[in-house]
Amino acid sequence: MLYEEDDDAPVAVPPDSGEDVERRVFKGHNSDVKGVCWNPNGQQIATASKDNTVRVFDVETGSGLRLDGHTRYVSGVSWHPQGRLIASSSADNTCRLWTPEGDAVQEIKVHDKALNTCCFSPDEKYLATGADDNAVCLIDVETCTLTRRIEASRGIIWNVNFTNDGSLMAWGAWDSTVAVWDVRSNSLVHRIEHGRDNNGVCFDPYSSMLAFGSDDHVVHLYDMATWRPLRQFQGHTLRVMSVQFSPEGTVLASGAADNSVRLWHLDTGRPEILAGHFDSVTGVAFHESCLASSSFDRTAMVWYPELDEGLPTKAATTASAMDDDEIGHSNGGSRGWKRGR
């Protein structure tokens, strides 16, 4: 069901002035916001919340729609590459499809436990979901039927993501592993045995690097040619909950339970700290040079950092993988407080 907001509708706060990075704040949820994604046209963001709803916000005006239908908290959202659908995953064991105007399209049930994540493939063929039943499911977008169920791990699946061409899929699991799967051949490409539970996972735009955030407070970067570690970005003081590369692949964003967003510049390892949330940052998502974030503080934010993106400088990260005792470390400082997942 679609609800139009009244005079108390969430509105965007004008960008802050001064030395801080400009940002807009989006309010309206009455519980933790667990995820955020962009309309591909960059005009809207969608958010998922523990208040059982999805909200769609206009980035310029702050006006919003509430999408109501899930019976338990909404854990994730994903926008179709052509902008025609929004997918939501929920602890009610279902995934739902919506139009951007708020109309319910389809309820999909392929898991028998709570869902933690959903993601459309860039080639528009599949919707991937991950759940507490330790499985990843691939759903045919056109027919809304199960195409493939992968018994993925010994722990719950926390996040799923695709390469830009949709040929590879990665997931982070709470069995201390990150796995990469070949979608076309339906086979495991590689599994990283990390030793700590893993949350957000993403590929760079060129499918040459894999990044993931972990309960060890570190953002890990791997070379996909050798599957050796390239760099560890250290600075978060609590678990890293979400990661995403910028469109040109020169900057890696991370959100963590220390209430901060960090932008890691790959050529130098230099971190830029985006401070504004006052609780755990659960999601980060780029659209061009804009970054959206979601938080347990019940808000989403859109940031306008100066990324200074040209062609990616890969020499600093992909020229050669380092030995385990020579992994590059980049550090920054920030403190926050931890709450339960």
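The structure we're discussing is the one just above.
Read on for a plain summary of the structure.

Parameters and conventions
- Residues numbered from 1 in each chain as written.
- Predicted model: local features only at pLDDT ≥ 70, side-chain atom pairs only at ≥ 80, totals over all residues.
- Heavy atoms only, no water.
- Helix = DSSP H or I, 4+ residues; strand = E, 2+ residues; numbered from the N terminus.
- Buried < 20%, exposed > 50% of the residue type's maximum accessible area, 1.4 Å probe, protein only.
- Contact = heavy atoms within 4.5 Å.
- Areas by Shrake-Rupley, 256 points an atom, 1.4 Å probe, with all protein chains shown as cover.
- Pairing = 2+ DSSP bridges.
- Axes fitted to C-alpha atoms, helices over the stretch in contact; angles between N-to-C directions.
- Core = buried A, V, L, I, M, F, W, Y, C linked by side-chain atoms within 4.5 Å.
- Phe/Tyr/Trp six-rings, centres within 6.5 Å; stacked < 30°, edge-to-face > 60°.
- Lys NZ or Arg CZ within 6 Å of the ring centre and 35° of its normal.
- Polar contact = N/O pair within 3.5 Å; in protein donor to acceptor, adjacent residues only side chain to side chain.
- Disulfide = S-S within 2.5 Å.

Digging into the overall build of the protein
Next up, step 1: Broken down by element type, the protein carries one helix and 30 strands.
Next up, step 2: Taken over 341 residues, the protein has a buried fraction of 61%.
Next up, step 3: Looking at the protein alone, contacts between residues at least 24 apart form 47% of all its contacts between residues at least 6 apart.
Next up, step 4: Carbon together with sulfur atoms contributes 43% to the accessible area of the protein, which is approximately 13400 Å² in total.

As for the sheet that holds strand 14 (residues 146-151)
Next up, step 1: Spatial strand order, 11-12-13-14: four strands in an open sheet with antiparallel pairing. Each edge of the sheet is formed by a strand with only one pairing partner; in this case those strands are strand 11 (115-120) and strand 14. Put simply, the sheet's adjacent strands are angled 15° from each other on average, direction ignored.
Next up, step 2: One ladder, built from five bridges, connects strand 12 (residues 126-131) with strand 13 (residues 135-140); its direction is antiparallel. Each residue of the ladder has a partner; that of leucine 127, found in strand 13, is isoleucine 139.

Section: the nonpolar core
Next up, step 1: Among the nonpolar cores identified, the biggest contains 16 residues, and Val136, Met169 and Trp171 are the most heavily contacted of them.
Next up, step 2: Among the secondary structure elements, those contributing two or more residues to this core are strand 12, strand 13, strand 15 (157-162), strand 16 (168-173) and strand 17 (177-182).
Next up, step 3: Within the second largest apolar cluster, 15 residues are counted, among which are Ala87, Leu97, Leu115 and Leu127.

Topic: the packing of aromatic side chains
Next up, step 1: Applying the stated rule across the entire model yields five aromatic pairs.
Next up, step 2: Between phenylalanine 26 and phenylalanine 57 the ring centres are 5.6 Å apart and the planes differ by 50°, which places this aromatic pair in the tilted class. Remark: phenylalanine 57 occurs in strand 5 (residues 53-58) and phenylalanine 26 occurs in strand 2 (residues 23-26); sequence separation between them is 31 residues. Side by side, phenylalanine 26 and phenylalanine 57 carry an identical accessibility label, which is buried.
Next up, step 3: The ring of tyrosine 73 is capped by lysine 50, whose NZ or CZ atom sits 5.9 Å from the centre of that ring.
Next up, step 4: Here the basic side chain of lysine 50 rests over the ring of phenylalanine 296, its NZ or CZ set 5.7 Å away from the ring centre.

Some words on the environment of leucine 291
Next up, step 1: Locating leucine 291 in the fold gives a position in strand 28 (residues 290-295).
Next up, step 2: Each C-alpha atom of the pair leucine 291 and proline 305 lies 7.8 Å from the other, and the pair is 14 residues apart in sequence.
Next up, step 3: Leaving out residues up to four positions away in the same chain, leucine 291 has contacts with Trp38, Ala253, Val261, Leu263, Leu274, Val284, Ala285, Phe286, Met301, Val302 and Trp303.

Re the sheet that holds strand 17
Next up, step 1: Spatial strand order, 15-16-17-18: four strands in an open sheet with antiparallel pairing. Each edge of the open sheet is held by one strand with a lone partner, namely strand 15 and strand 18 (187-193). Averaged over all pairs of adjacent strands, the angle between strand axes in this sheet comes to 20°, irrespective of strand direction.

Notes on the side chain of serine 49
Next up, step 1: Tracing the sequence through the fold places serine 49 in strand 4 (residues 44-49).
Next up, step 2: Taking relative accessible area as the criterion, serine 49 reaches 0% and is therefore assigned buried.
Next up, step 3: At 3.5 Å, the side chain of serine 49 forms a polar contact with the side chain of histidine 29.
Next up, step 4: Filtering out sequence-adjacent residues up to four positions away, serine 49 remains in contact with His29, Ser31, Asp32, Val33, Lys34, Tyr73 and Val74.

Focus: the pairing of strand 17
Next up, step 1: In terms of residue burial, strand 17 counts as a mostly covered element, since five of its six residues are buried.
Next up, step 2: Where strand 16 and strand 17 come together, five bridges link them in antiparallel fashion. Bridge assignment links tryptophan 171 to a residue of strand 17, and that residue is alanine 179.
Next up, step 3: Adjacent in sequence and paired antiparallel, strand 16 and strand 17 are bridged by three residues, among which serine 176 carries a positive phi angle near 70°.
Next up, step 4: Both strand 17 and strand 18 contribute to a ladder of six bridges, which runs antiparallel. When the bridges of strand 18 are listed, tryptophan 181 appears paired with leucine 188.
Next up, step 5: The turn linking strand 17 back onto strand 18 is made up of four residues, and asparagine 186 within it adopts a positive phi angle of 55°.

Description of the state of the cysteines
Each disulfide is one covalent bond, formed between the sulfur atoms of two cysteines.
Next up, step 1: In total, this model carries zero disulfides according to the counting rule given.
Next up, step 2: Not engaged in a disulfide, the cysteine cysteine 37 finds its nearest cysteine sulfur in cysteine 118; these two sulfurs lie 7.8 Å apart.
Next up, step 3: Since its relative accessible area comes to 8%, cysteine 37 is described here as buried.
Next up, step 4: Of all cysteine sulfurs in the structure, the one in cysteine 118 sits closest to cysteine 95, which takes part in no disulfide; the separation is 4.9 Å.

Some thoughts on the pairing of strand 14
Next up, step 1: One ladder, built from five bridges, connects strand 13 with strand 14; its direction is antiparallel. In the sheet register, alanine 135 faces strand 14, and the bridge partner there is glutamate 151.
Next up, step 2: Here strand 13 folds back onto strand 14 in antiparallel fashion, the turn holding five residues, of which cysteine 144 has a positive phi close to 60°.

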